[in-house]
Amino acid sequence: LQISARRMDKVTIFDITGHIDLANSPELRKVLLKELRESKTPRVILNLTGVRYIDSSGVASLVEGLKAARDQGLRFILYGLSPSAREVLQLSRLIKIFEVFENEQEALA
Amino acid sequence: VCHLALKFLASSNRASPVYRVTAWIAGVSVEKRGLLFDLALVSDPHLLSVVRAAIEKLTEVAGFSPPECRAITRAVDEALANVIRHAYGSKLDERIEISCKKITREIEGSKREALEIELLDWGAAMDPEKLNPRSLDEVRPGGLGLHFIRDSMDIVERRRVEGANQLRLAKFLSEKESIKDHQGE
């Protein structure tokens, strides 16, 4: 799993590449929670274009990220969901609690 | 007879973080036994991606649609993650076996093909209390794996057999694919 951050004026975008599963979801959780605690931008966006697979532990990390963002009064946005990632969010009925966009342009709008 | 055998590194040493994958695909003799794929691995989460790749390809070859391939792969991945976390308490070097077979069942007068996947581990017995998925109305992390397994598969059966946990998952091919298969016999 590769995670890199692009920090702009009012937005931090995390570019995530790889599969999010039991082997690396703790790392994603750690990075997200640290960033959200220290975030100086009101909006945090996850670019999931390079993520082909998310398992239930990955979904749990995203939910924790969302909760931490809400606690800080930040927006937590996802974009670029693969069919597999979209399916797990739909199956868990969690897709409705996230702000989900197709691409970066829409996420930044 | 087209008989392709793939062997990736042979070792069944339970103390070693190496794994063995042996697959037979499309051999007639194998077809008769129903066995498509046999795999043994250690309980290291880093191997989950290896298993997913193998299962996804196998489901494609078996004739499932892309959403079905993803669903079966997800079910096996979540089941393995449960074994690693709960049966083996996240120990990295315990043995897990996966066996995939093609089976045929008669449903309402017609023969239907299915892919059966059996997982075996020798870890702690599953607590029946923990086998009930949580309500999806709760927005909280965790507890989703069982939902994904049950939602993805037609048959989900668990048994404790001689110190082993056996999980049997099966997914039926669409009627169209099953008919195509039987015409080809």
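Details of the structure are given in the entry above.
Residues numbered from 1 in each chain as written. Chains lettered and ligands numbered in written order. Predicted model: local features only at pLDDT ≥ 70, side-chain atom pairs only at ≥ 80, totals over all residues. Heavy atoms only, no water.

**Student:** Quick rundown of the overall build of chain A? Include the residues and the values.
**Tutor:** Of regular secondary structure, chain A possesses 4 helices and 5 strands. Ordering the α and β elements of chain A from the N terminus gives β-β-α-β-α-β-α-β-α. Scaling as 2.2 N^0.38, a compact globule of 109 residues should have a C-alpha radius of gyration of about 13 Å, and chain A matches this with 12 Å. Counting only C-alpha atoms, chain A reaches 30 × 25 × 25 Å along its principal axes. A total of 109 residues make up chain A; the buried ones form 54% of that total. Put simply, 68% of the contacts in chain A that link residues at least 6 apart link residues at least 24 apart. In the structure as shown, chain A presents an accessible area of about 5100 Å², 49% of it carried by carbon and sulfur atoms. (Helix = DSSP H or I, 4+ residues; strand = E, 2+ residues; numbered from the N terminus. Rg over C-alpha atoms; globule rule 2.2 N^0.38 Å. Buried < 20%, exposed > 50% of the residue type's maximum accessible area, 1.4 Å probe, protein only. Contact = heavy atoms within 4.5 Å. Areas by Shrake-Rupley, 256 points an atom, 1.4 Å probe, with all protein chains shown as cover.)

**Student:** How would you summarise the overall build of chain B if you had to cite specific residues and measurements?
**Tutor:** When its secondary structure is counted, chain B shows 5 helices and 7 strands. Taken from the N to the C terminus, the helices and strands of chain B come in the order β-β-α-β-α-α-β-β-α-β-β-α. Within chain B, the fraction of its 185 residues that count as buried is 46%. In chain B, once contacts between residues fewer than 6 apart in sequence are set aside, the share between residues at least 24 apart is 57%. Within the structure as shown, chain B displays about 9700 Å² of accessible surface, and the carbon and sulfur contribution to it stands at 51%.

**Student:** Account for helix H4 (residues 145-152) of chain B, naming residues and giving values.
**Tutor:** Among the 8 residues of H4(B), 6 are classified as buried, and the element is accordingly described as predominantly covered. Those residues of H4(B) hidden inside the fold are in contact with helix H2 (56-71) and helix H3 (83-91) of chain A together with helix H3 (66-87), strand S6 (155-161) and strand S7 (164-172) of chain B.

**Student:** For the layout of surface pockets, give the residues involved together with the corresponding values.
**Tutor:** Taken as a whole, the second largest pocket encloses approximately 290 Å³ of empty space. At the level of elements, strand S3 (43-54) and H3 of chain A together with helix H2 (48-62) and H3 of chain B are the ones that each hand at least two residues to the lining of the second largest pocket. Looking at the lining of the second largest pocket residue by residue, the classes come out as 6 nonpolar, 5 polar and 6 charged. (1 Å grid on protein atoms, 1.4 Å probe; cavity = no way out; pocket = protein on both sides within 12 Å on 5 of 7 lines; lining within 4 Å. Points joined across faces, edges and corners; volume = space filled by probe spheres on them. Nonpolar A, V, L, I, M, F, W, Y, C, P; charged D, E, K, R; others polar.)

**Student:** So what about the interface of chain B and chain A? Which residues, and what values?
**Tutor:** Of the residues lining the interface, 24 residues belong to chain B; the matching set on chain A comes to 22 residues. There are 4 salt bridges connecting chain B and chain A. The residue B:Arg74 makes a salt bridge to A:Glu87 at a minimum N-O spacing of 3.2 Å. Where chain B meets chain A, there are 7 residue pairs in polar contact (both at pLDDT 80 or more). Those elements that place two or more of their residues in the side of chain B that touches chain A are H2, H3 and H4 of chain B. Partitioned by chemical class, the residues of the side of chain B that touches chain A number 10 nonpolar, 4 polar and 10 charged. (Salt bridge = Lys/Arg side-chain N within 4 Å of Asp/Glu carboxyl O. Polar contact = N/O pair within 3.5 Å; in protein donor to acceptor, adjacent residues only side chain to side chain.)

**Student:** So what about the sheet that holds strand S4 (residues 75-79) of chain A? Which residues, and what values?
**Tutor:** Residue and element names in this part refer to chain A. In spatial order, the strands read S1-S2-S3-S4-S5; together these 5 strands make up an open sheet with mixed pairing. Since the sheet does not close on itself, it has two edges, and those belong to strand S1 (2-7) and strand S5 (99-101), each with one partner. Sheet twist, expressed as the average angle between the axes of neighbouring strands with direction ignored, equals 25°. Strand direction decides the pairing type here: S1 and strand S2 (residues 11-20), joined by 6 bridges, are antiparallel. (Pairing = 2+ DSSP bridges. Axes fitted to C-alpha atoms, helices over the stretch in contact; angles between N-to-C directions.)

**Student:** Describe empty space enclosed by the protein, with residues and values.
**Tutor:** Residue and element names in this part refer to chain B. Applying the stated rule across the entire model yields 2 cavities of 30 Å³ or more. Considered as a void within the structure, the second largest cavity measures approximately 40 Å³ in volume. In terms of lining residues, the second largest cavity is bounded by Leu 36, Ala 62, Phe 64, Lys 102, Ala 114, Leu 115 and Leu 173. Split by residue class, the lining of the second largest cavity holds 6 nonpolar, no polar and 1 charged.

**Student:** Requested: an account of the environment of A:Val11, with residues and values cited.
**Tutor:** Residues and elements named next belong to chain A. By secondary structure assignment, the location of Val 11 is in strand S2. Residue Val 11 is classed as buried on the basis of its relative accessible area, which comes to 7%. As for Val 11 and Leu 36, which are separated by 25 residues in sequence, their C-alpha atoms are 12 Å apart. Apart from the residues lying within four places of it in its own chain, the contact partners of Val 11 are Arg 6, Thr 41, Arg 43, Ile 45 and Leu 108.

**Student:** Can you tell me about the environment of B:Ser49, naming the residues and giving the values?
**Tutor:** Relative to the elements of secondary structure, B:Ser49 occurs in helix H2. In sequence terms B:Ser49 and B:Asp77 are 28 residues apart; their C-alpha atoms lie 8.4 Å from each other.

**Student:** Tell me about the packing of aromatic side chains, residues and numbers included.
**Tutor:** Residues and elements named next belong to chain A. Tallying each qualifying case throughout the model produces 1 aromatic pair over all chains. Judged by centre distance (6.4 Å) and plane angle (40°), the ring pair of Phe 76 and Phe 98 falls under tilted. Placement of the pair is Phe 76 in strand S4 and Phe 98 in the loop between H3 and S5, with a sequence separation of 22 residues. Judged by relative accessible area, Phe 98 falls into the buried class, the value being 6%. (Phe/Tyr/Trp six-rings, centres within 6.5 Å; stacked < 30°, edge-to-face > 60°.)

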